[in-house]
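Here is what each chain is made of, one letter per residue.
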Amino acid sequence: MNHTINWTLAVAVAAVLSTGYLLDGPSDHQAAIDAAADAKATQAEQRAQARFEKAAQQMCGENAGWTQLENGAVQCFTKRGKKTSKVQL
């Protein structure tokens, strides 16, 4: 009876230890998913920046220059560099 319990426990421990390779952390598949998520976030950020630039150009005028200020406002300039207005988007 004791030998049967010992052998059963030994087999159970061996089975648990043999599955250790399955627990080795993130796989290549997870890395690919993370890379795709990063790429998607980067694309969304680039689209948002393009929308901001388009809106700033429309607010300042077709031929006007503009620069973004620290507080998020946009300073418009004439084509000769004279400051004209500040716009908050």
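About the thresholds
- Residues numbered from 1 in each chain as written.
- Predicted model: local features only at pLDDT ≥ 70, side-chain atom pairs only at ≥ 80, totals over all residues.
- Heavy atoms only, no water.
- Helix = DSSP H or I, 4+ residues; strand = E, 2+ residues; numbered from the N terminus.
- Buried < 20%, exposed > 50% of the residue type's maximum accessible area, 1.4 Å probe, protein only.
- Areas by Shrake-Rupley, 256 points an atom, 1.4 Å probe, with all protein chains shown as cover.
- Core = buried A, V, L, I, M, F, W, Y, C linked by side-chain atoms within 4.5 Å.
- Expected span 1.5 Å × (residues − 1).
- Contact = heavy atoms within 4.5 Å.
- Disulfide = S-S within 2.5 Å.
- Pairing = 2+ DSSP bridges.

Draft legend 1. Molecular detail of the overall build of the protein. Of the regular secondary structure elements, the protein holds 2 helices and 3 strands. What you see in the protein, going N to C, is helices and strands ordered as α-α-β-β-β. Looking at the protein as a whole, 12% of its 89 residues are labelled buried. Summing over all exposed atoms, the protein offers an accessible surface of approximately 7,600 Å²; the carbon and sulfur share of this is 58%.

Draft legend 2. Structural detail: the nonpolar core. Core analysis: the biggest nonpolar cluster contains 6 residues, these being Phe-52, Ala-56, Cys-60, Ala-64, Val-74 and Cys-76. Contributions of two or more residues to this core are made by helix H2 (28-60) and strand S2 (73-77). The greatest single-element share of this core, amounting to 3 residues, is contributed by H2.

Draft legend 3. Fine view of H2. The terminal C-alpha atoms of H2 lie 48 Å apart, and with 33 residues this matches the ideal 48 Å at 1.5 Å per residue to within 8%. Considering only its buried residues, H2 is in contact with strand S1 (65-68) and S2.

Draft legend 4. Focus on the state of the cysteines. According to the stated counting rule, one finds 1 disulfide in the structure shown. Between the sulfur atoms of Cys-60 and its disulfide mate Cys-76 the distance is 1.9 Å. For the disulfide bridge between Cys-60 and Cys-76, the dihedral angle about the S-S bond is near -70 degrees, and by the sign convention the bridge is left-handed. Of the two residues, Cys-60 is situated in helix H2 and Cys-76 in strand S2; the sequence distance between them amounts to 16 residues. Residues Cys-60 and Cys-76 agree in their burial class; the two are buried.

Draft legend 5. Region of interest: the pairing of S1. Here 4 bridges tie S1 to S2, and the two strands are oriented antiparallel to one another. Bridged to Gln-68 within S2 is Val-74. Where S1 folds back on S2, the antiparallel hairpin that results is connected by 4 residues, among which Gly-72 adopts a positive phi of roughly 95 degrees.

Draft legend 6. Expanded view of helix H1 (residues 2-18). Over its 17 residues, H1 runs 24 Å from end to end, which matches the ideal 24 Å to within 8%, given 1.5 Å per residue. Burial runs low along H1: only 0 of the 17 residues are buried.

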